[in-house]
Amino acid sequence: MPKRIDVLICGGAACLSSHSDEVRAAIVREIEAHGLGKEVRVVETGCMGPCELGPVMVVYPDGAFYIRVSPQDAREIVEEHFLKGRPVQRLLWETPEARRIIEERKQVPFFAKQKKVVLANCGLIDPENIEEYIAADGYTALGKVLTEMSPQEVVEEIAASGLRGRGGAGFPTGRKWKFVADAPGSVKYVVCNGDEGDPGAFMDRSLLEGDPHAVIEGMTIAAYAVGASRGYIYVRAEYPLAIKRLKIATTAARGMGLLGEDILETGFSFDIELRMGAGAFVCGEETALIASIEGKRGQPRPRPPYPAVQGLFERPTLINNVETFGNIRHIILNGADWFRSIGTEASPGTKVFALSGKVINTGLVEVPMGTTLRELIFGIGGGIPDGKEFKAVQTGGPSGGCIPAEHLDTPIDYESLQALGAIMGSGGVIVMDEDNCMVNLARFFLEFTASESCGQCVPCRVGLPAMLEILERISRGAGRPDDLDRLEQLAETVQRASLCGLGQTAPNPVLSTLRYFREEYEEHIREGRCRAKVCTALVRYWIDPEACRGCDQCRRACPVEAISGTPGKPPYVIDEGMCVRCGTCREVCPFSAIEILDRR
Amino acid sequence: MKLEDLRKIRERAAKELTLRTGKARVKVIVGMGTSGIAAGARDVLAAFLDEIGKRDLSEVIVTQSGERGLASAEPVVEVHEEGKPTVVYGNVTPEAARRIVAEHIVNGNPVAEYVIEVRE
């Protein structure tokens, strides 16, 4: 019997952590209780995108999009919507700007402004059910390649599409495939780089969780094109759900003859093995990743020789990012010209971004290349929460750079971002508002890269901590007049002399903040002032005697007992010598009586 | 598995995705307000699903709506078809539902005795 309702509940990691599994169980329970088991199907999908609003679910055929659903809502949804056909209004998405409840998913601006190619199946199909993937044209591209195209034609098609590496550097994928295909040797490998390490980035994880077969199919097509019979997916061990779904997917594909020996009875054989990474940032660098798969310590080595010539186990190796593989089947099915019709001349196609930070709609989005940063942050992202002022956006994570408001209309493509001192990176986008301190931001990222440095080459091992020391000094208010010049000098040396991409790009956050927010650094050094009131050494907390009502809450909340006063007898006073400037009192004060002032 | 087998699986599985992809030729809407349910709309809805399943029809989706204000004619069913006027049926029984599937949806002849309105 056909179903009349499909309930898709997001099973991405973000929604699962807000207990979408309990919501699903409650919905299933209510459906059974109302005798609708035969009419309604419940499917757990991959990430739908608006992670901030989870758990989310969408009900078809209406397309009603429910947000922040709790298990207690299950009965009302089943009785009102599934039985009587009246969507539960209070759980639908209401756009803050329009103050309007939106009945259909496709009308939500967050979705309407996106173009989902790579993520088309994410949030639409059950990633653990290979038949749903096949229903959505899955493995059709593989079938086409194996029966209608020669390996050379596949390489040429990918080259003609203009697809560039989605890991961040933007190297032309077709050219990379050609290098491997042309490399001498009978044993070759295909490796999928799923070592997503940027803080705040979750593009690869979401694709692996939401549509694992797309990556497997992309790798298999690549293997046919370059002549490989063995592949590895390198994925972080801290992505247990992605690993689980990849295992289910590879097993199912093998069981149906879509992976392994004699694929689709064409004589072509290719199999994939999963390798779990231990979470070292440097292993995202291709030579370090290869070393890690080989069972060695994850350290990069000088290139050349490039992996395309001498990679995994010294053999020619094709290594592409998760999202790059996710694009392949669409190019094969729709053609290179179709792909080129999306995005820009030099950067065709779409790009998946993980929006995070000070933006209303945080989550996973996909847009055509060439979309402006403004459209991404204000159109899809919904702008900055709490009426605050936009300050900057960091693209490319710790290897990327910071872009200020005056460049918001820059189109997102590899070259434009690079010209601004940032990079595309794998797709992490962190939005910052007036409450973010740029010195502190640079310090945060440098702390990350310095601790993730593998320690092999001197510029990175010694240079990054030296830069960090200067940044820490500046945020303590002890900066010296020549610190900024010294910082720039060090940054350039580290950039030029480091062995691998980690060191070469680690100074980017420092250099880009120096370029666009130099006056903020200077304020820290000359005036001992942090305008965002973030650097704790440069601020003090003060209770406004006019506003204090003597409620005693701050005194009780203070972890170091720095506040004194008598209940009902305001004002209370903070002992600045004892205060550790943790901000707890300010959070608990019901009268907004506590202010942060400059220390000097 | 051969390419041909993959194609067969795809055709079969694609029907399961019709609800989500919205690729439906015919949409059957059963009024499931309180009075509709009281008049037997649930059995009507089940009959539609069963008959569509038996005939293995693709591109047909069955959904439900709330009260339409035609309490005396419940259960009320609307049949929306691409490029054709919408036909509204009243006092539909499970047997009538099966006839609507066979005569209207499959053969294109609305079941006149139950039609209460035709909307352009």
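Whatever comes next refers back to the structure up there.
A. Structural detail: the overall build of chain B. Summing up its helical and strand segments, chain B has five helices and five strands in all. In sequence order, the secondary structure elements of chain B are arranged as α-α-β-α-α-β-β-β-α-β. For chain B, the C-alpha atoms occupy an extent of roughly 55 × 25 × 25 Å along the three principal directions. With 120 residues in all, chain B has 46% of them scored as buried. Total accessible area on chain B stands at roughly 5,700 Å², and carbon and sulfur atoms take up 47% of it. Charge separation in chain B, taken as the distance between the mean sites of 18 positive and 19 negative side-chain charges, equals 7 Å.

B. Here's a closer look at the side chain of R205 of chain A. Relative to the elements of secondary structure, R205 of chain A occurs in helix 9 (residues 203–210). With sequence-adjacent residues up to four places away left out, R205 of chain A is seen in contact with A13, A14, E196, Y239 and A242 of chain A.

C. Spotlight on the state of the cysteines. Residues and elements named next belong to chain A. Considering all chains together, one arrives at zero disulfides over all chains under this definition. Between C47, a free cysteine, and C51, which holds the nearest cysteine sulfur, the sulfur-to-sulfur gap is 3.9 Å. C437 provides the cysteine sulfur closest to C530, a residue in no disulfide bond, and the two sulfurs are 3.8 Å apart. According to the relative accessible area criterion, C530 is buried, its value standing at 0%.

D. Representation of the sheet that holds strand 7 (residues 189–194) of chain A within the structure. Residue and element names in this part refer to chain A. Here we have five strands laid out as an open sheet, ordered 9-10-8-7-11, and mixed in their pairing. This sheet does not close on itself; its edge strands, each paired only once, are strand 9 (260–263) and strand 11 (317–321). Adjacent strand axes in the sheet meet at a mean angle of 25 degrees, parallel and antiparallel pairs treated alike. Judged from the seven bridges that link them, strand 8 (residues 230–236) and strand 10 (residues 268–277) form a sheet pairing that is parallel. What sits directly across from Y232, in strand 10, is E273. In the packing of helix 10 (residues 212–226) onto the sheet, the strands contacted are strand 7, strand 8, strand 9, strand 10 and strand 11, and the crossing angle to strand 10 comes to about 125 degrees.

E. Geometry of the environment of V58 of chain A. Residue and element names in this part refer to chain A. Looking at the secondary structure, you find V58 in strand 3 (residues 57–60). Judged by its relative accessible area of 0%, V58 is buried. On a C-alpha basis, the gap between V58 and V431 in space is 27 Å, while along the polypeptide they are 373 residues apart. Setting aside residues up to four positions removed in sequence, V58 forms contacts with D6, V7, L8, M48, G63, A64, F65 and R105.

F. Structural view of the layout of surface pockets. Approximately 1,200 Å³ is the volume attributed to the second largest pocket. What lines the second largest pocket is a set of 44 residues, and nearest its centre among them are L124 of chain A together with R20, T21, G22 and K23 of chain B. Counting residues per element, the ones that place at least two in the lining of the second largest pocket are helix 4 (109–112) and helix 13 (322–334) of chain A together with helix 1 (3–16), helix 2 (18–21) and strand 2 (60–65) of chain B. Of the residues assigned to the lining of the second largest pocket, the class counts are 18 nonpolar, eleven polar and 15 charged.

G. Molecular detail of unusual backbone geometry. The peptide bond linking G54 of chain A to P55 of chain A adopts the cis configuration, its omega dihedral lying at -5 degrees. Along the chain, P55 of chain A falls in the loop between strand 2 (40–45) and strand 3. Of note, the bond from E74 of chain B into P75 of chain B is cis; its omega dihedral lies within 30 degrees of zero at -5 degrees. By secondary structure assignment, the location of P75 of chain B is in the loop between strand 2 and strand 3 (77–81). At D262 of chain A, a position not held by glycine, the phi torsion is positive, near 50 degrees. Tracing the chain through its elements places D262 of chain A in strand 9. We note that R581 of chain A has phi near 55 degrees; this positive angle belongs to a residue other than glycine. As for its placement among the helices and strands, R581 of chain A is situated in the loop between strand 19 (569–574) and helix 24 (584–588).

H. Local environment of the sheet that holds strand 4 (residues 64–66) of chain A. Residue and element names in this part refer to chain A. As summarised here, the arrangement of the four strands in space is 2-1-3-4, forming an open sheet in which the pairing is mixed. Looking at which strands have only one partner, the edges of the open sheet turn out to be strand 2 and strand 4. With strand direction ignored, the average angle separating the axes of adjacent strands in the sheet is 20 degrees. With three bridges joining them, strand 3 and strand 4 adopt antiparallel strand pairing. Bridge pairing links V58 to F65 in strand 4.

I. Summary view of the packing of aromatic side chains. All names here are of chain A. Inspection of every chain in the model, using the stated rule, returns 14 aromatic pairs over all chains. In textbook terms, an aromatic cluster arises when at least three aromatic residues are bridged by ring pairs, as seen for F65, W93, F110 and F111. Looking at R205, its charged tip hangs above the ring of Y239, at a distance of 5.8 Å from the centre. Sitting over the ring of F353, K351 keeps its end group 5.6 Å from the ring centre.

J. Molecular detail of helix 18 (residues 458–476) of chain A. Residues and elements named next belong to chain A. The terminal C-alpha atoms of helix 18, which comprises 19 residues, lie 27 Å apart, in line with the 27 Å expected from a rise of 1.5 Å per residue. Those residues of helix 18 that fall on the buried side of the exposure criterion are C460, G463, L464, M467, L468, I470, L471, R473, I474 and S475. Against the buried residues of helix 18 lie helix 17 (438–452), helix 19 (483–497), helix 20 (501–505), helix 21 (508–516) and helix 22 (518–527). Positive phi shows up at G477, right after helix 18, with a value of about 90 degrees.

K. Geometry of the interface of chain A and chain B. Contacts between the two partners involve 40 residues from chain A and, on the opposite side, 30 residues from chain B. Put simply, chain A and chain B have ten residue pairs in polar contact (both at pLDDT 80 or more) between them. Going through the elements one at a time, strand 1 (5–10), strand 2, helix 3 (74–83), helix 5 (130–135) and helix 6 (140–148) of chain A are the ones with two or more residues in the side of chain A that touches chain B. Looking at the side of chain A that touches chain B, the element that brings in the most residues is helix 5 of chain A, giving four residues. Classifying every residue of the side of chain A that touches chain B gives 19 nonpolar, eight polar and 13 charged.

L. Main features of helix 13 of chain A. All names here are of chain A. Counted residue by residue, helix 13 has eleven buried out of 13 residues, so it is predominantly covered. All of the buried residues along helix 13 are V322, E323, T324, F325, G326, N327, I328, R329, H330, I331 and I332. Between a side-chain oxygen at the N-terminus of helix 13 and the backbone nitrogen of E323 the separation is 2.7 Å; the capping residue is N321. In the segment just after helix 13, G335 is the residue with positive phi, at about 90 degrees.

M. Just the pattern of salt bridges, in detail. Residue and element names in this part refer to chain A. Inspection of every chain in the model, using the stated rule, returns 60 salt bridges over all chains. Measuring nitrogen to oxygen at the nearest pair gives 2.9 Å for the salt bridge that ties R90 to D73. Here R90, found in the loop between helix 3 and strand 5 (94–95), pairs with D73, found in the loop between strand 4 and helix 3; they are 17 residues apart in sequence, far enough to count as distant. Exposure remark for R90: the relative accessible area of 51% places this residue in the exposed category. Three or more residues joined by partner-sharing salt bridges are found here, namely E519, E523, E527, R529, R531, K533 and D598.

Calculation criteria
Residues numbered from 1 in each chain as written. Chains lettered and ligands numbered in written order. Predicted model: local features only at pLDDT ≥ 70, side-chain atom pairs only at ≥ 80, totals over all residues. Heavy atoms only, no water. Helix = DSSP H or I, 4+ residues; strand = E, 2+ residues; numbered from the N terminus. Buried < 20%, exposed > 50% of the residue type's maximum accessible area, 1.4 Å probe, protein only. Areas by Shrake-Rupley, 256 points an atom, 1.4 Å probe, with all protein chains shown as cover. Lys, Arg positive; Asp, Glu negative; His and termini not counted. Charge placed at Lys NZ, Arg CZ, Asp CG, Glu CD. Contact = heavy atoms within 4.5 Å. Disulfide = S-S within 2.5 Å. Pairing = 2+ DSSP bridges. Axes fitted to C-alpha atoms, helices over the stretch in contact; angles between N-to-C directions. 1 Å grid on protein atoms, 1.4 Å probe; cavity = no way out; pocket = protein on both sides within 12 Å on 5 of 7 lines; lining within 4 Å. Points joined across faces, edges and corners; volume = space filled by probe spheres on them. Nonpolar A, V, L, I, M, F, W, Y, C, P; charged D, E, K, R; others polar. Phe/Tyr/Trp six-rings, centres within 6.5 Å; stacked < 30°, edge-to-face > 60°. Lys NZ or Arg CZ within 6 Å of the ring centre and 35° of its normal. Expected span 1.5 Å × (residues − 1). Polar contact = N/O pair within 3.5 Å; in protein donor to acceptor, adjacent residues only side chain to side chain. Salt bridge = Lys/Arg side-chain N within 4 Å of Asp/Glu carboxyl O.

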